[in-house]
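Close look at the chain arrangement
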Amino acid sequence: MTAPRRGEDATVREIADVLRPLPRLLVTAHVNPDGDAVGSALAALQAYRALGGEARYVQVGPIARTYRFLPGFDAIVAAPEGLDPPPDVLLSLDAASADRVEPVLSAMPAETEVLNVDHHVSNTRFGDRNLVDPEAAATAEVLHAVLRELGAPLTPEVATCLYAGIVTDTGRFGYPGTGPGTHRIAAELLEAGIRPEEVHGPLYRSVPIGLLRLTGALIAALETRLDGRLAWVELTRAACEEAGVAMKDAADLVDIPASVEGVEVAALFRETDRPGKTKVSLRSKGTLRVDRIAVRRGGGGHPAAAGFTADGSVGEVRDPVLREIEEAFADGGR
Ligand SMILES: [Mn+2]
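The following refers to the structure shown. (Residues numbered from 1 in each chain as written. Predicted model: local features only at pLDDT ≥ 70, side-chain atom pairs only at ≥ 80, totals over all residues. Heavy atoms only, no water.)

1. Here's the deal with the sheet that holds strand β2 (residues 25-29)
For clarity, the cut-off: Should DSSP find at least two bridges between two strands, the strands are taken to pair. Each helix corresponds to a stretch of at least 4 residues labelled H or I by DSSP, and each strand to a stretch of at least 2 residues labelled E; elements are numbered beginning at the N terminus. Should any heavy atoms of two residues lie within 4.5 Å, those residues are considered in contact. Simply put, an axis is a line fit to the C-alpha atoms, just over the touching stretch for a helix, and the angle between two N-to-C directions goes from 0 to 180 degrees.
In spatial order, the strands read β1-β7-β6-β5-β2-β3-β4; together these seven strands make up an open sheet with parallel pairing. Two strands in the sheet have a free side with no partner beyond their single neighbour: β1 (8-9) and β4 (77-78). Two strands pair when backbone bridges link them, and β2 and strand β5 (residues 89-93) are joined in this way by five bridges, in the parallel orientation. The residue bridging T28 from the neighbouring strand is S92, located in β5. Together, β2, β3 (55-59) and β5 form the strand contacts of helix α2 (residues 35-50), whose direction differs from that of β3 by roughly 165 degrees. Sitting on the sheet, helix α3 (residues 139-150) touches β5, β6 (113-118) and β7 (129-132), and the angle it makes with β6 is about 125 degrees.

Next comes the structure, spelled out in structure tokens:
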């Protein structure tokens, strides 16, 4: 274990300059990766190899099956495999804090330079060089700038992975962070030869029947408070097993309470594979910043989408968290 790092902010050019001589690269993304994390990491891996560089992608934690269609997916190595020999440079993508990329980060010797490329406003600058753009709708946008500066070829494979990162983190170009720049990059990716249906289809139009039935059960059991401004659902391991759904494939079910008319804050409480731990996912459609609630409880995220893991069963965790959200409403969205 090496001492914690805390470096300076870097520009796109400075990050590209580190990568330009093609040092041996290890790419990683945050634990339990979403589409932006896996998409960005696979884009970085394949772009770097296309430049002639030697790169690996080591991922912490299980990856939702929905991302298996991404080009290059089979090249992903599951941590803690793939950490030896240590790389010259570690590129961390879409991770807001050091604990999100453990044990990969701690396995790096002091000589390995750590690049932290991300878009979370709560990013702790744990890299030796940090490129954090909270204005970007996805880490894939930030990475796109780095790849362009490097002159990396925008192959259809790289473009597809970047596009998947953008589509998922913007809620299909619908969340508030989606800007003109997001669409300009998307246009460039289309020009590079991607086929949108090959991304949207696997992501949104091939839901396993078990997951769809589980969704139905959650809709039936959805609860609300505050005259319907706060809604939540709960997910147990038993329900997942009965439906034949892996817990890692159920994270997006927070979209169910979030999709309800009049709801401003939505929560998903779900059991994890570790007994006595509950994962809480939060979404905000209004002005209440759910990242503040998540950060106070050791998690992180964005103003409109955040999460954390809490000690206790779903039943033990739920009421204190709902109360905290109600108090935040009472305080005008603190
Ligand atoms: Mn992201």
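Let's pick the thread back up.
2. Here's the deal with α3
Owing to its 3.6 residues per turn, the α-helix aligns residues three or four sequence positions apart on the same side. The condition that has to hold: How far a helix is expected to stretch is found by multiplying one less than its residue total by 1.5 Å. Relative accessibility decides the category of a residue: with a 1.4 Å probe and only protein chains considered, values under 20% of the type maximum give buried, values over 50% give exposed, and everything between is partly exposed.
Between its terminal C-alpha atoms α3 stretches 17 Å, which fits the 16 Å expected from 12 residues at 1.5 Å a residue. Within α3, nine of the 12 residues are buried, which leaves it mostly tucked inside the rest of the structure. All of the buried residues in α3 are T139, A140, E141, V142, L143, H144, V146, L147 and L150. Taken from the residues just after α3, G151 is the one with a positive phi, measuring 75 degrees.

3. Side note on the packing of aromatic side chains
Our working rule: Only Phe, Tyr and Trp rings take part, Trp by its six-membered ring, and two of them pair if their centres are within 6.5 Å. Stacked means planes under 30 degrees apart, edge-to-face means over 60, and tilted covers everything else. Whether a charge lies above a ring is judged from NZ of Lys or CZ of Arg, which has to be within 6 Å of the ring centre and within 35 degrees of the ring normal.
Under the counting rule described, the total for this entry stands at one aromatic pair. Measuring from centroid to centroid gives 6.0 Å for Y163 and F173, while their planes differ by 50 degrees, and the two rings are tilted. A residue pair is termed long-range when its members are at least 10 positions apart, and Y163 in helix α4 (residues 156-169) and F173 in the loop between α4 and α5 (180-191) qualify at 10 residues. On the accessibility criterion, Y163 (5% relative accessible area) is buried. The lysine or arginine in question, R172, covers the ring of Y204, its NZ or CZ lying 3.6 Å from the ring centre.

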